[in-house]
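# Understanding the architecture of this molecule
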Amino acid sequence: MGRANAAYYAGHDPFADFTTAPEISQAFGEILGAWAVVVWQSMGRPQPFILAEAGPGRGTLMADALRLATRLAPDFAAALTLHLVETSPRLRALQAAAIGPHLRSAAPRWHDSVEALPDGPLILLANEFLDALPIRQFVRGGTGWSERHVGPGGFELLACDAPLLPADRLDPVPEGGVIELCEPALALVGGLCRRLSRQGGAALLLDYGPGVAGHGDTLQALRGGAPADPLQAPGEADLTAHVDFPALRTVAGDAKAHGPVPQGRFLTALGLFARIERLVRAQPPGQGGALVEAAHRLVDPSRMGSLFKAIAFCHPALPVPPGFEEVSS
Ligand code: SAH
């Protein structure tokens, strides 16, 4: 899945195959921009600081975030240095074109990985980034575990040791059941949390997956907007899997984890509909229906409001970030 997905993002416009929240409504990126401003203020307004996005796609989220943040807090816009984590040269070019006009500070810098970001206080945003990272799938047999590999004739099972997951995750998996492990996501979030707890800052990650620990096969391929066979035409379809939020919380270390909260609740708490109302008022009469419909697509539980979730990781001294007040203990 790792290599197939790198080839896919390098050679394709992923947005022909699926639509993401920032592409559905400009209010999504705007709300994340306002979130970043409030968090920056709670950090003591460091100048300079690193504003980063992992997997910025077409650059829409960051363009919307910067446009709003610049109006809301010019001091935030002047203090930031923008860093983008993106491996695809084609998408880097799209991001430069989309974001450039909204940037008050120096040109963005691109990196191949989150670990390559420079030192300093950090605010990192990412939407649908972790779900693109490769997973491993393990199947419980009668006497032990096997790992699913891609062989010449399709999936094949090779006997292996028990996966490196806590017993309370492995015990409920029945014979024939599948459990997934996304080591790159755990390593990425673990490393991110270590730097946040040493150098200050916060990360907000939005993605889709269950909020409680579970198991099952969630590997999905999307091609041209429709489900496809994950093994057909590697590099031609977008491969994703559910993000294991409970597992991410276990690698937070000294950083504080908040959430996950359902995306619908998160966006609504942060004023999505007030923002949409303002956007509708700026339209000619009777033209705002599509804006309201787009917002409902993001928050309705039967659409993207419930399966999609927000999780945040913060320096331990920071207050609970906006949108997570109700869930933090
Ligand atoms: N956040 C965007 C795009 C989501 S698609 C949106 O919401 O619209 C996933 C993004 O992550 C793409 O930009 C893709 O090129 C990038 N990406 C995927 N795997 C990556 C990796 N291992 N390292 C860096 N970027 C990656």
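Refer to the structure printed above.
Since the structure is predicted, the reported quantities are computational estimates derived from the model, not experimental observations.

With that settled, consider the overall build of the protein. What the protein contains, in helices and strands, is 12 helices and 14 strands. For 329 residues, the compact-globule formula gives about 20 Å, and the C-alpha radius of gyration of the protein, at 20 Å, lands near that figure. Structurally, the protein occupies a C-alpha span of about 60 × 45 × 35 Å along its principal axes. Sorting the 329 residues of the protein into buried and exposed places 50% on the buried side. In the protein, 78% of the contacts between residues at least 6 apart in sequence involve partners at least 24 apart. Looking at charge distribution, the protein has the averaged site of its 26 positive side-chain charges lying 7 Å from that of its 33 negative ones.

Take the site of the ligand next. Neighbouring the ligand are 15 residues; Thr20, Gly55, Gly57, Glu86 and Asn127 lie closest to it. A distance of 2.5 Å separates an oxygen atom of the ligand from a polar side-chain atom of Thr20. Between Asn127 and the ligand, the recorded distance is 2.7 Å, taken from a backbone N or O atom to a nitrogen atom. Across the complex, the protein chains shield 90% of the 570 Å² of accessible surface that the ligand would expose by itself. Taken together, the residues that form the shell around the ligand break down as seven nonpolar, five polar and three charged.

With that settled, the discussion passes to the pairing of strand S8 (residues 178-181). Residues Val178 and Glu180 line one face of S8 and the alternating positions Ile179 and Leu181 line the opposite face, and both faces are buried. Pairing between strand S5 (residues 136-140) and S8: four bridges, direction antiparallel. Its bridge partner being in S8, Arg136 is matched across the sheet by Leu181.

Topologically, Ser197 is positioned in helix H8 (residues 183-199). Among the polar contacts made by the side chain of Ser197, one reaches the main-chain carbonyl oxygen of Arg194 at a distance of 3.0 Å.

This part is about the nonpolar core. Counting 50 residues, the largest nonpolar core has Trp35, Leu51, Phe76, Leu204 and Phe266 as the members making the most contacts within it. Residue contributions to this core peak at nine residues, all from helix H3 (residues 26-42). Excluding residues that lie within four positions of it along the chain, Leu51 makes contacts with Ala36, Met62, Leu66, Phe76, Leu80, Thr81, Leu82, His83 and Ile123. Core analysis: the second largest hydrophobic core is formed by 31 residues, Ile50, Val114, Leu248 and Ile311 among them.

What follows covers the sheet that holds strand S11 (residues 226-228). Here we have three strands laid out as an open sheet, ordered S11-S10-S12, and antiparallel in their pairing. Sheet topology places S11 and strand S12 (238-240) at the edges, where each strand pairs with a single neighbour. With strand direction ignored, the average angle separating the axes of adjacent strands in the sheet is 40°. By the bridge criterion, three bridges tie strand S10 (residues 220-223) to S11 in an arrangement that is antiparallel. Among the inter-strand pairings, Ala221 is bridged to a residue of S11, identified as Ala228.

At a minimum axis distance of 10 Å, the contact between H3 and helix H11 (residues 272-281) shows a crossing angle of 125°. Compared by their axis directions, H3 and H11 come out oblique. In the crossing of H3 with H11, the sense of the turn from one axis to the other is right-handed. In this structure, H3 contributes Gln26, Ala27, Glu30 and Ile31 to the contact, and H11 contributes Leu272, Arg275, Ile276 and Leu279. Partitioning the contact of H3 with H11 into residue classes produces five nonpolar, one polar and two charged.

Rules used throughout
- Residues numbered from 1 in each chain as written.
- Predicted model: local features only at pLDDT ≥ 70, side-chain atom pairs only at ≥ 80, totals over all residues.
- Heavy atoms only, no water.
- Helix = DSSP H or I, 4+ residues; strand = E, 2+ residues; numbered from the N terminus.
- Rg over C-alpha atoms; globule rule 2.2 N^0.38 Å.
- Buried < 20%, exposed > 50% of the residue type's maximum accessible area, 1.4 Å probe, protein only.
- Contact = heavy atoms within 4.5 Å.
- Lys, Arg positive; Asp, Glu negative; His and termini not counted.
- Charge placed at Lys NZ, Arg CZ, Asp CG, Glu CD.
- Near = heavy atom within 4 Å.
- Polar contact = N/O pair within 3.5 Å; in protein donor to acceptor, adjacent residues only side chain to side chain.
- Areas by Shrake-Rupley, 256 points an atom, 1.4 Å probe, with all protein chains shown as cover.
- Nonpolar A, V, L, I, M, F, W, Y, C, P; charged D, E, K, R; others polar.
- Pairing = 2+ DSSP bridges.
- Core = buried A, V, L, I, M, F, W, Y, C linked by side-chain atoms within 4.5 Å.
- Axes fitted to C-alpha atoms, helices over the stretch in contact; angles between N-to-C directions.
- Parallel < 35°, antiparallel > 145°, perpendicular 65-115°, else oblique.
- Left-handed = near helix turned anticlockwise from the far one by under 90°.

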